[in-house]
Each structure stands twice: as structure tokens, then as C-alpha cells.
Amino acid sequence: MTPRPARRAAERERLRRLVVRAVRAVDGSLHKWARGPYESTLAITALVVLAAASPVLAACAVFDWLFGAQVAAGGESGTDAVPLLIASAAIALFALALLRLCRFERRITERQTLTALVLGSFAAVAAVAIAHLATGAVAPTAVATAFAEAAATVTGTNSTTILPADPGGGELELGGGMLALRAAGQWLGGAAFIVVLVRVLPHLGVGGLDSDGGVATRSARRLAPRSAGTMGRLLLLYSALTVLVAVGYALAGMPLTHSVLHALTTASTGGFSTYADSLGHFDSAAIEWVAIFGMAAGGVSLPLMFLAIRRRDPARFIRSYEFRLYVTLIVFATVTVALWTRDDFGFGHLFGHEHFRQSLFAVVSVISTTGFETASFIELSTGSQAILMVLMVIGGMSASMAGGFKVVRLLTLASYIGRELRRAIYPSLAERLRLGRSTISETTISRIVGELLLAALLLIPAAILLGASGLDIVGALSYAVSALSNVGPAVSYVDPELSSVVPAVGSTGHLAAVGWLGRLTAGLLMLAGRMSVTATAVALSVAVYPAVAAVRHGQWRRRRAYGVRVR
């Protein structure tokens, strides 16, 4: 006699079948609709993202009607609803009309896959930028500002030009619909990153993320026999973490609507807040501790967290080299920042509960690349600011919501440097790099080194452009690092007299203090940091390939009237 399956297992199987049927129905409808004369998977990717953004804008319009008065600075509902609905309808009609003219390619290369990833990100940015322009969040002619705001939304970067309604601080001068779009956009950007992590990166190994042992994508693929199952498990964990943080905020005393919006930006490590002074506005130790937990969890590898919970094996965290280094960095940096104040260096500061909590909050906010603040980073000592800069570069664990270079790449790079030093002493040494029980291939090492060099080469011209837009050299360099790591706040002071656009002070006014060129640069840095610098470089090579091919084959040469080539 066959035993009856458990009720819980049957419910999970029923839910899985329902999701599979829905995905297949959408995929089938897309293939039936996109049967036009032009064969382009790249165009289809961008248009599908645009079409998917349409219901998000409509949902934010509904949120504005229902709850806008609870979060908007003016206390009114529905101020953004009609513009968002119009933008939603226009984007949907445009995307569906062009999709009708396209059809899928039979074969797509790795270079095209990376290019599709970049185009999809730009399509999402375009949709959010249209929403900013339609609702009046930015001036109708401020296209560069809309692009920077949209890039901060999609990439999960706590950087904005929106001023508070009250010059002394408080709620941002945005309607309820746009506040919901900023929070939901950062959360959906994190969900999209999970999809890319499972479905794209394992086949490409971008930036050296294809090594074993929980380093990134192979461990994620092993969560389920099929990639769809792995993706569903990680998205479920991501959603559960969001709900847990929202409940924590509500229990800590934050209003329910604000709890939901802040939970979306905490779990995604986006850091956007409905208030100009971030979480410092609430002045609550309980809310700060909930945020510390949420931000720290956002910087932990999702596959590692899922396996530890599913198998009820908390010791899995201790066995992870990357997790141990992640926690060690947090502890070391917190103690150092707490000791190293502007007044002096002393152990007496460790015994101040509020000072220690604020130091821990700043460290976790930076290493998880969330960007929340309870106090401006410029109030810290110069040594503490330097430590935060280093943590911005490192970021969180691989396969996590955090940005940055990633802790595992730091481990791999340190092992590589150690091996090269040993080779200098013993030239005939033949040694493979290992991380725990996993062997790291030379291809992975070359990708990691290449990613680091590309990022360093990108920061130099970006800092120059930001400096030319109104920032001093320290502010330009620190904000370039912060934008590329998707943090947002920088560790330098913005002087209102140096601001070329609007008065801005503190560690979060850098985007508002630069002109259109600086805002375009900052937006591109955010996108490059979120998508991987390697993917951005590959997409750029695809874009300029026709011009390079023309030069290579001599099509740029001028011809005389009688047909003789002249150089």
C-alpha cells in the first residue's frame, strides 16, 4: 500500500505546479505575440522589462490612493496616481507594439546574454525615469536628474536629489506613489538580481563568481535539481526576510506603512528612506537594532542562509570561510570606529551603549552597501572614515543582496598574492589555489583580477568627471567609490557654497551638488556596480563593434575622385 504524502508536501507540490503553469503560460503568450519580421532577442529583453514595469507603476498608483496620506509629505492621497497610471499605460502600449515587430533568435551567444542583461537594466531605468518625469518629482527638462534617480532606484543605491519638504529635515518632497515606487523598485531590483544569479551568471562566470564551495553560483544551482526550483527557493527566502524585517520595524514602534516601505529597502540593501535624515529621524534604539539585523542579513549569502535554515544546521555558517571573514570585518571595524573618535583614541568609548550602537550601525550599513544613516559619516574621525571607505569597496558576501567587490573575491585575491610571493622564493613551485575544500581555477582568478582592474580604471575618469561637476577631490573619489559599490553616502563634506545646483550638506548631498554631467556619471557608476563591470564592458564592446569593424576593415579611409585610396 502506497503511503499518503504529507499534507505540507502536497501543498508545496500544488503551489509549484501552479507557478510552473503560470510561467509557461506567460512564456507561451510571449512567443505567440513576438512573431514579427525583426529577429532580436536583445530588443525583446528590453521590451519585456518595460512591459513588466507597467503593472508596477499601476500598483504604486493604487498604493497612493489608499495609503498616500500616511507617507506623503503633504498628507494627501492620490497626487501621483493619475500620472503613474498614464505612464503605465503609455509604457505598456509602446512595449507591446514593438514586441509585435520582433521575434526570438534561434541561438544567443554569451556576449549577447551580457548585452541583454545591460539593456534590460537600462529599460528598467527608463521606466522609472519616465515615472519621475510624469509625476513632477524632477523637473520636466531634468533628464539627467531623472536618469540618476532611476538608476539609484533600480540598483538599490541610497542617493537622491529630492529635497525634504521642511528645510530642517523630515519627509521627502514626494507623493505616496513615488515613495512606494522608490521602495518597490529597490526590492524588485534585488529580486531580479536573484534571477540573474541563478539563470545567467552560472553560465558566464562573470567576475570570477563560478567557483565552488558556496562562492556563488554553483552552490546556488545545487539548491534544487532545476534552476527554477532554486530561483523559487531564494525568492521565498528573500520575501520571508522582508516580512520579518517589516514585523520587526512595526513592533519597534515604526508606523505600519513606513515599516513596509523601509523593510523593502532594508532587505534589498537599497537604503532608501521616506525621510531625508534616514532612520535617524525616528531616534529609536529598537528600530536601529532591527535595521542592523536586516542589513547584516542582506549581506549574507542567500544560498548559505537557505541551506543552514533548511537543514537546521547553524554550524554551516561557522564552516564558511567567507562568513567568518564577513563577521570578523564587522567586529573589527565596529571596535575600531567606536574607539577612534574625533576627540581621542580610548577604550572608554566602548562602554557607551549609544556610541557603540551607532558605530555598529554605520559599519553594517556600509559593508552591506545599504546606506542607511543615523548620523552623518562626516561626524566620524578621519581614520573611521577611511575604514568605512575600505568596507565600501569590499561589500558583502557573494550571492547576497550587497554590492561591492565581495568578501570571497578578497579571500581569493589574498590567496593568489600569497602564492605569487611563495613563487618568488621558490620559482619551481606548482601550487593550486584552494578556498576551504574547493579548488579555484586559474580562469576564475583571472576574472577576479580583471574585474578589480576594470573597476579601478573606471573610478579614475569617474572621479575626474565628478570633480569637474562641483565636488572636491576627496568628495569626488569617495562618492565614486560609494556609487560603484551601490552605497550612496560618501565620507566627505559637501559645502553649500561649492554646490552648483542646490544647497546640500553632509554625506548624502553629493548627487544633488553636482551638475548634469556628474549625475549621468553617478548613474552609470551605479548601474556598472550592480550589473558587474565586466558585463558593462562587454555590452560596451558590442555597442562600439560596428565602428571598430569599420576602422579595422578600412572603411574610414577617404577616396579620391578617380578611386585611389588616400590615408
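Residues numbered from 1 in each chain as written. Predicted model: local features only at pLDDT ≥ 70, side-chain atom pairs only at ≥ 80, totals over all residues. Heavy atoms only, no water.

S.K.: Whenever I open this one, the packing of aromatic side chains confuses me. Can you help?
M.R.: Here a ring pair, both rings aromatic, is described through the centre-centre distance and the interplanar angle of the planes. Summed over the entire model, instances satisfying the criterion amount to 5 aromatic pairs. An angle of 10° between the planes, with centres 4.7 Å apart, marks the rings of Trp 187 and Tyr 238 as stacked. With Trp 187 in helix α6 (residues 176-199) and Tyr 238 in helix α9 (residues 227-251), this residue pair connects regions lying 51 residues apart in the sequence. Summarising the burial analysis for this pair, Trp 187 and Tyr 238 share the class buried. (Phe/Tyr/Trp six-rings, centres within 6.5 Å; stacked < 30°, edge-to-face > 60°. Helix = DSSP H or I, 4+ residues; strand = E, 2+ residues; numbered from the N terminus. Buried < 20%, exposed > 50% of the residue type's maximum accessible area, 1.4 Å probe, protein only.)

S.K.: What am I meant to see in the nonpolar core here?
M.R.: Nonpolar side chains in soluble globular proteins tend to be buried together. Ranked by size, the top nonpolar core spans 131 residues in total, and within it Tyr 249, Leu 279, Leu 391 and Tyr 479 carry the most contacts. Looking at which element gives the most residues to this core, the answer is α6, with 11 residues. Counting 6 residues, the second largest nonpolar core, distinct from the first, contains Val 408, Leu 433, Leu 435 and Ile 445. (Core = buried A, V, L, I, M, F, W, Y, C linked by side-chain atoms within 4.5 Å.)

S.K.: I would appreciate a short explanation of the side chain of Thr 257 in the present structure.
M.R.: Among the structural elements, Thr 257 can be located in helix α10 (residues 256-267). When its relative accessible area of 11% is taken as the criterion, Thr 257 is described as buried. Other than its neighbours up to four places away in sequence, Thr 257 contacts Phe 63, Phe 67, Gln 70 and Val 71. (Contact = heavy atoms within 4.5 Å.)

S.K.: Looking at this structure, I do not really get the environment of Thr 257. What am I missing?
M.R.: It is 7.1 Å that separates the C-alpha atoms of Thr 257 and Gln 70, two residues lying 187 residues apart in sequence. A polar contact is formed between the side chain of Thr 257 and the side chain of Gln 70, at a distance of 2.5 Å. (Polar contact = N/O pair within 3.5 Å; in protein donor to acceptor, adjacent residues only side chain to side chain.)

S.K.: Would you explain the side chain of Ser 365 in this entry?
M.R.: Turning to its location among the elements, Ser 365 is positioned in helix α15 (residues 353-367). Those residues in contact with Ser 365, other than ones at most four positions away along the chain, are Met 295, Thr 370, Gly 371 and Phe 372.

S.K.: How should I be thinking about unusual backbone geometry in this particular structure?
M.R.: Across the chain, the bulk of peptide bonds are trans and the bulk of non-glycine residues have phi less than zero. A positive phi angle, close to 55°, is found at Thr 269, a residue other than glycine. If you trace the backbone, Thr 269 turns up in the loop between α10 and α11 (285-298). The buried category is assigned to Thr 269, whose relative accessible area is 2%. One non-glycine residue, Arg 312, lies in positive phi territory at about 50°. Tracing the chain through its elements places Arg 312 in the loop between α12 (302-310) and α13 (315-319).

S.K.: Would you take a moment to explain helix α5 (residues 143-155) for this structure?
M.R.: Because the α-helix completes a turn every 3.6 residues, residues three or four places apart line up on one side. Taking 1.5 Å per residue, 13 residues should reach 18 Å; α5 reaches 18 Å between its end C-alpha atoms and fits that length. Across the 13 residues that make up α5, a large majority, 12, are buried. Considered for burial, the residues of α5 that qualify are Ala 144, Thr 145, Ala 146, Phe 147, Ala 148, Glu 149, Ala 150, Ala 151, Ala 152, Thr 153, Val 154 and Thr 155. Contacts from the buried residues of α5 go to α4 (110-135), α6, α20 (510-513) and α21 (516-531). Where α5 terminates, the next one or two residues include Gly 156, which has phi positive at roughly 75°. (Expected span 1.5 Å × (residues − 1).)

S.K.: Looking at this structure, how should I read the environment of Gly 75?
M.R.: Of note, Gly 75 is situated in the loop between α2 (41-71) and α3 (81-99). Sequence separation between Gly 75 and Gly 176 is 101 residues; the distance between their C-alpha atoms is 8.8 Å.

S.K.: So what exactly am I meant to see when it comes to the pattern of salt bridges here?
M.R.: It is possible for side chains bearing opposite charge to pair when their charged atoms get close. Under the criterion given, the structure shown has 8 salt bridges. With a shortest N-O distance of 2.6 Å, Glu 149 and Arg 182 are connected by a salt bridge. Taken together, the positions of Glu 149 in helix α5 and Arg 182 in helix α6 put the pair 33 residues apart, joining distant regions of the chain. Arg 182 shares its class with Glu 149; the two are buried. Linking Arg 419 and Glu 442 is a salt bridge whose minimum nitrogen-to-oxygen distance equals 2.7 Å. Placement of Arg 419 in helix α17 (residues 407-425) and of Glu 442 in helix α18 (residues 442-468) is noted, with a sequence separation of 23 residues between them. Among the residues examined, Arg 419 registers a relative accessible area of 1% and is labelled buried. Three or more residues joined by partner-sharing salt bridges are found here, namely Arg 419, Glu 420, Arg 423 and Glu 442. (Salt bridge = Lys/Arg side-chain N within 4 Å of Asp/Glu carboxyl O.)

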